[in-house]
Amino acid sequence: MPRKAEHLTLTELKKMRAKADKDPDYSAMRADGKEPGLTAQARRGRVEFKYRYLSPVTRQRRTVLIGEFGDYPLEPAREKAAEYRRQVALGLDPQEVKVEEARQSLTLKDAVKLYLDDLEERATSGAGKRGKRSGYASAKRLLERNVLPRLGARRVLDVTSEDVRKLHRGMKSKSQANRSLTALSAVFGHLDRRELIPAGTNPARFVERHREDGQRRALTAEELERLGEVLATAERTGKVTVTEDGKTKSYAAHSSAVLAVRLLALTGMRAAEVLGHGTKARRNGREGLRWGDVDLDRGLAHLADTKAGGRQTRVLGAAAVALLKAAKPADAKPDWAVCPGKMARDKPFAGMGRIRRQLWEAAGIVATPEGKADLHSARHAYATVGAHLHSGRYIGAVAPLLGHGHQGRSVTERYISANPEALRPAADAIAGEIARILGLGEPGKVLEHPASRRRKSKG
């Protein structure tokens, strides 16, 4: 509570700010005797002017922020407090008036900044259910590139479903249009939660998304076989050879790229979980699988950051463990990347997209009517093998092996600790079968891929 009201002075305010700058835990409050209700509060390294009043609407004590001392001088703070006092006398709640003024003047550009700042804070702290670093980077890129140039200057309250529909239909790429629409809808959802727009008025909710063609598919057994041969050649020669316009060209194939593709195929991990989220993050060495995350004795990988949110432990099959043991340097340090870059051991490999395309072209892996095939298709192949191996014996283990099913669990399920060893037979069998197809294991030790059996029966 503030002490007995005396006139606030610049000297006293400067002393409070000096203490707050020196000690972030310093807390104090001073009331101004000249303007009733005006207070200066030191908290979290800042000194802020606030107006305290009894709401004429709810008859409850409320506080409205005026501004931070330094950006907001003392006399203007008193004038603002006097304005709030007059609003209370007229039966208005200053807090509600301030919110309404913000609603009326808020532009979409301002709204996007509010959303991205909140998303970045949640992604960095990991405190919220929504918000990841990869999601923040993607949303920022989509909104700044596709939405703000067209609608950024519009008032939020003036943006209609027809405006959003025109924006969505005006984009050439269906995929980009749908993802931009999702990001914009998230902005309005954030405004709704903060009560900056009337409830249920998100204009993006009513816009129909494009139907996207060429969804991702799993790599087939034949494609995995050819890919295994290409990877073996790349490992042996350090090059990948492709034919372009009738000409044969050779490109350098970094050993980390070969290791990454094999690891993704044998574990079903996401590329971001192994190589990190985005080039900037990888360059800064903040993300990607590290040797300290891998327990080769127990066959486990501890992932600090996953798409589902929070930490996860993935079970590694014997073939994946053997691959990692062979790749691990004798002097490896815990913070070294499992798939290191060209210049530093502690930074994950970057540039996977280009090499992946070259490897896929050399292996003859192309898009088909069933869908496109990219790096994530290796994860789909892992799931497909797991679902069909030995007449579906391991289908129930596929979701936990991939890291799915960690959200939306019942209260009872949250009390049950995961038992990685229960998944060990499935992990060994799935990784072993894919290793066999890739040419990394001995045939006959594990069951065949169902596609291979169908191929033989047709022959």
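Described in the following lines is the structure provided in the data block. In this text, all values refer to a predicted model and were calculated from it rather than measured experimentally.

## Examining the sheet that holds strand β8 (residues 300-303)
- Reading across the sheet, the 3 strands line up as β7-β8-β9 and stay open at both edges, with antiparallel pairing between neighbours. At either end of the open sheet lies a strand with only one pairing partner, and these are β7 (294-295) and β9 (312-315).
- Where β7 lies against β8, 2 bridges are found, and the strand directions are antiparallel. Residue pairing for β8: V294 is matched across the bridge by A301.

## Here we look at the packing of aromatic side chains
- One pass over the full model with this rule turns up 3 aromatic pairs.
- Here the aromatic rings of F49 and F69 are separated by 6.0 Å at their centres, their planes lie at 85 degrees, and the arrangement is edge-to-face. Here the residue F49 occupies a position in strand β3 (residues 46-54), and F69 occupies one in the loop between β4 (61-68) and α2 (74-89), the gap between them amounting to 20 residues. Considered together, F49 and F69 belong to a single accessibility category, that of buried residues.

## Side note on the environment of R46
- The residue R46 is located in strand β3 in this model.
- For the pair R46 and R17, spaced 29 residues apart in sequence, the C-alpha to C-alpha distance is 6.5 Å.
- Residues in contact with R46, not counting those within four places in the same chain, are A20, Q41 and E68.

## Some words on the sheet that holds β3
- A sheet is described by the order of its strands in space; here 4 strands give the open sequence β1-β2-β3-β4, paired in antiparallel fashion. Edge positions in the sheet fall to β1 (28-31) and β4, since each has one partner strand and no second. For this sheet, the mean angle separating the axes of adjacent strands, direction not counted, is 30 degrees.
- As defined by bridge partners, β3 adjoins β4 across 7 bridges and the pair is classed as antiparallel. Bridge pairing links R52 to T63 in β4.
- Sitting on the sheet, α2 touches β2 (38-43), β3 and β4, and the angle it makes with β3 is about 20 degrees.
- Across the face of the sheet, helix α3 (residues 94-105) comes into contact with β3 and β4 while running at roughly 50 degrees to β4.

## A few points about the pairing of β1
- Neither face of β1 is exposed, since A28 and R30 on one face and M29 and A31 on the opposite face are all buried.
- Between β1 and β2, which pair antiparallel one after the other, the connecting turn spans 6 residues, and G37 there sits at a positive phi close to 95 degrees.

## A short note on the packing of helix α12 (residues 318-327) against helix α17 (residues 424-438)
- At their nearest, the axes of α12 and α17 sit 6 Å apart, and the two run at 65 degrees to each other. The segment α12 lies against α17, with A318, A319 and A320 engaging D428, A431, G432 and A435.
- Looking at the contact of α12 with α17, its residues break down into 5 nonpolar, 1 polar and 1 charged.

## Here we look at the nonpolar core
- By size, the foremost hydrophobic cluster in this structure holds 67 residues, and its most contacted members are L227, V338, L359, W360 and L401.
- In terms of residue count, the dominant contributor to this core is helix α9 (residues 255-267) (9 residues).
- Membership of the second largest hydrophobic core comes to 28 residues, among which are A139, L151, L181 and A183.

## Examining the pairing of strand β6 (residues 247-252)
- Little of β6 is tucked away: 0 of the 6 residues are buried.
- Where strand β5 (residues 239-244) and β6 come together, 6 bridges link them in antiparallel fashion. Within the sheet, the bridge partner assigned to V242 lies in β6 and is K249.
- Adjacent in sequence and paired antiparallel, β5 and β6 are bridged by 2 residues, among which D245 carries a positive phi angle near 55 degrees.

## Examining the pattern of salt bridges
- All told, the structure shown has 22 salt bridges when counted by the stated rule.
- Notably, a salt bridge pairs R46 with E48, separated by 3.6 Å at the nearest N-O pair.
- With relative accessibility at 38%, the residue R46 sits in the partly exposed group.
- According to the relative accessible area criterion, E48 is buried, its value standing at 14%.

## Details of the side chain of E273
- Residue placement: E273 occurs in helix α10 (residues 271-275).
- Apart from the residues within four sequence positions on either side, E273 is in contact with G288, L289, L303, D305, T306, K307 and R314.

## So, the packing of α9 against α12
- Interhelical geometry of α9 versus α12 gives an angle of 160 degrees and a closest axis separation of 9 Å. What the angle tells us is that α9 and α12 run roughly antiparallel. The chirality of how α9 crosses α12 is left-handed. On α12, the residues touching L259, R262, L263, L266 and T267 of α9 are A319, A320, L323, L324 and A327.

## Considerations on the environment of T243
- Tracing the backbone shows T243 in strand β5.
- Setting aside chain neighbours within four positions, we find T243 in contact with T248 and E361.

## What to know about helix α1 (residues 10-22)
- Across its 13 residues, α1 extends 18 Å between first and last C-alpha, which sits within 8% of the 18 Å expected from 1.5 Å per residue.
- Among all positions in α1, only E12, L13, M16 and A20 are buried. Projected down its long axis, α1 carries its buried residues within an arc of 100 degrees, all on one side. For α1, exposure combined with an orientation more than 90 degrees from the buried face picks out K15, D21 and K22.

Rules behind the numbers
Residues numbered from 1 in each chain as written. Predicted model: local features only at pLDDT ≥ 70, side-chain atom pairs only at ≥ 80, totals over all residues. Heavy atoms only, no water. Pairing = 2+ DSSP bridges. Helix = DSSP H or I, 4+ residues; strand = E, 2+ residues; numbered from the N terminus. Phe/Tyr/Trp six-rings, centres within 6.5 Å; stacked < 30°, edge-to-face > 60°. Buried < 20%, exposed > 50% of the residue type's maximum accessible area, 1.4 Å probe, protein only. Contact = heavy atoms within 4.5 Å. Axes fitted to C-alpha atoms, helices over the stretch in contact; angles between N-to-C directions. Nonpolar A, V, L, I, M, F, W, Y, C, P; charged D, E, K, R; others polar. Core = buried A, V, L, I, M, F, W, Y, C linked by side-chain atoms within 4.5 Å. Salt bridge = Lys/Arg side-chain N within 4 Å of Asp/Glu carboxyl O. Parallel < 35°, antiparallel > 145°, perpendicular 65-115°, else oblique. Left-handed = near helix turned anticlockwise from the far one by under 90°. Expected span 1.5 Å × (residues − 1). Arc of directions from axis to C-beta.

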